[in-house]
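Working through the structure, step by step
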Amino acid sequence: MTYFDISSAEVKSAGYASGDPKLIAKFEEGSDIYIYSAKLYLGESEWDNLSDKMKKKWRKRFKTIFLGVLYGLGKNSLAERLECSLNEADDIIQGLYNSFPKLREYVAKQGSYPMTHDGYINTFLGDKLRLIEYTDYLPKATTDRERGNIIARIERLGTNLPIQGGTSSIMACGFYNNIRKSLEEGWRQPLQPIIVVHDSNTNYIPVEKVFEIRRFYDKNYTDFCATIGPKIRLLFDLLVGYSYEEANELKTIDENTIEFKGSAKSILKLYDKIMNCPLDVECDTSRDDIVGVQKLVSSPYQRFIIEGGCNMSKDLSKIKVRFHKK
C-alpha cells in the first residue's frame, strides 16, 4: 500500500504541477497550506468528495511532504516516510517544486550557502551559526563517498536550521512576552510556566482568565511574534485542562462564551473549576448530566490495551459544553 498512485493521478495532478505564484499570499491570508497543496494534487472536486477522516489523512501526508521538502528531505527519505517508491517520491517533490517555484529557489539557495560562506548558515534573524560538519568533518573526509555524504548533510542543515532555529527563537520570545504581559497587567497569579517542549508551552493560569486567554494569546503571542524578524504569524491551538493529560481544546464563541469538547471526566474537572471561580458563570449542561455521560473503563488491562500503555483512568465518552460569563 502506498500513499500515492501516480499512474491514476496524472489528470488530477495537472493543477498540482502547473505552477502557483500565490504561495506567500496563502500564508498571509492564513490558509492551511497543507490542505491547499492536497487540493492542488487531488483536484477540488475529489477533495470535496473525501470523508473527514480521509481529509485529515491527506492533510497529514502533505504536511510530511511540504515540511520534508522545505527541510531538505530527499526522495529516499520521503519514499521511506510515505511508504512509496523512489519514482513516486521524486514525482511528488518535483510536483511541489513546479507548483511553488520559490520553494525550489529557497532550498537551492539555502542549501548551497554554507559551502560558499565558510560553513556559516544563512539565518533570517542575523545570528551566527557555523556547522561543525564543515569545520571538522569535511576536512577529514577520506573518500569521495564520505565527502558527498557530509556535503549532503551540510546542504540539508543549511535549509533546515534557519527555519527551525529561527522559528524556535521567535516562539521563545512570544512565550516570554505572554508572561511579561501577565505581570504588567497585574494578574492575581501571573502566567506560571511549567514546561516548554519544542513548539508547545504549558502554563498555569488563574481560572478567571479562561474567558479571555484566547484573545490574550492572539495579541501577546501571535501578533507579537509577527513583529520579529521575518514577521511570521505563528498560529496555535489552545488547550485547557485540570492536567496535561486531560486538556481540551478551547473554542471562543464570543467575548463571554467559551466551548470545550472532550470526555465527560475531563470536562467535569473543568466544570468544577470554572463554576466555582470568582466570576458569575452559567453552563449549558448540568453537572449531573456530565456525570451521567461518563463511560469509565474500570479494567486496568483494558485501559492498557486502549492507551497502548498505562493510565490510571479512561473515559470513552464524548461531550460538548459551553460556559457563559454573565
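Read on for an overview of the structure. This one's a predicted model, so the numbers in the text were calculated from it and none came from an experiment.

Moving on, we get to the overall build of the protein chain. When helices and strands are tallied, the protein chain shows 14 helices and seven strands. With 326 residues in all, the protein chain has 39% of them scored as buried. In the protein chain, 56% of the contacts between residues at least 6 apart in sequence involve partners at least 24 apart. Accessible surface, the protein chain: about 19200 Å² in total, of which carbon and sulfur atoms supply 51%.

Going through the model one piece at a time under the given rule, you end up with 15 salt bridges. Between Lys-269 and Glu-246 there is a salt bridge, and its shortest N-O distance comes to 3.2 Å. Highlighted residues: Lys-269 in helix H12 (residues 264-275) and Glu-246 in the loop between strand E3 (239-240) and strand E4 (248-254), separated in sequence by 23 residues. Owing to a relative accessible area of 15%, Glu-246 belongs among the buried residues under this scheme. The salt bridge partner of Asp-272 is Arg-287, with a shortest N-O separation of 2.8 Å. Here Arg-287 lies in helix H13 (residues 287-293) and Asp-272 lies in helix H12, a separation of 15 residues in the sequence. On the basis of relative accessible area, Asp-272 is assigned to the partly exposed category, the value being 27%. With relative accessibility at 35%, the residue Arg-287 sits in the partly exposed group. Each of Arg-180, Lys-181 and Glu-184 takes part in salt bridges that share partners, so that together they form one network.

Let us look at unusual backbone geometry. Of note, the phi angle at Asp-118 is positive, near 55 degrees, even though the residue is not glycine. If you trace the backbone, Asp-118 turns up in the loop between helix H8 (101-116) and helix H9 (132-137). By relative accessible area, which is 40% here, Asp-118 ends up partly exposed.

To continue, consider the packing of helix H3 (residues 33-42) against helix H5 (residues 52-70). Between H3 and H5, the least distance of the axes is 8 Å, while the angle of their chain directions is 100 degrees. With respect to H5, the axis of H3 lies roughly perpendicular. Judged by residue contacts, Ile-33, Tyr-34, Ile-35, Ser-37, Ala-38, Tyr-41 and Leu-42 of H3 engage Trp-58, Arg-59, Phe-62, Lys-63, Phe-66 and Leu-67 from H5. For the contact of H3 with H5, the per-class residue count stands at ten nonpolar, one polar and two charged.

Analysis parameters
Residues numbered from 1 in each chain as written. Predicted model: local features only at pLDDT ≥ 70, side-chain atom pairs only at ≥ 80, totals over all residues. Heavy atoms only, no water. Helix = DSSP H or I, 4+ residues; strand = E, 2+ residues; numbered from the N terminus. Buried < 20%, exposed > 50% of the residue type's maximum accessible area, 1.4 Å probe, protein only. Contact = heavy atoms within 4.5 Å. Areas by Shrake-Rupley, 256 points an atom, 1.4 Å probe, with all protein chains shown as cover. Salt bridge = Lys/Arg side-chain N within 4 Å of Asp/Glu carboxyl O. Axes fitted to C-alpha atoms, helices over the stretch in contact; angles between N-to-C directions. Parallel < 35°, antiparallel > 145°, perpendicular 65-115°, else oblique. Nonpolar A, V, L, I, M, F, W, Y, C, P; charged D, E, K, R; others polar.

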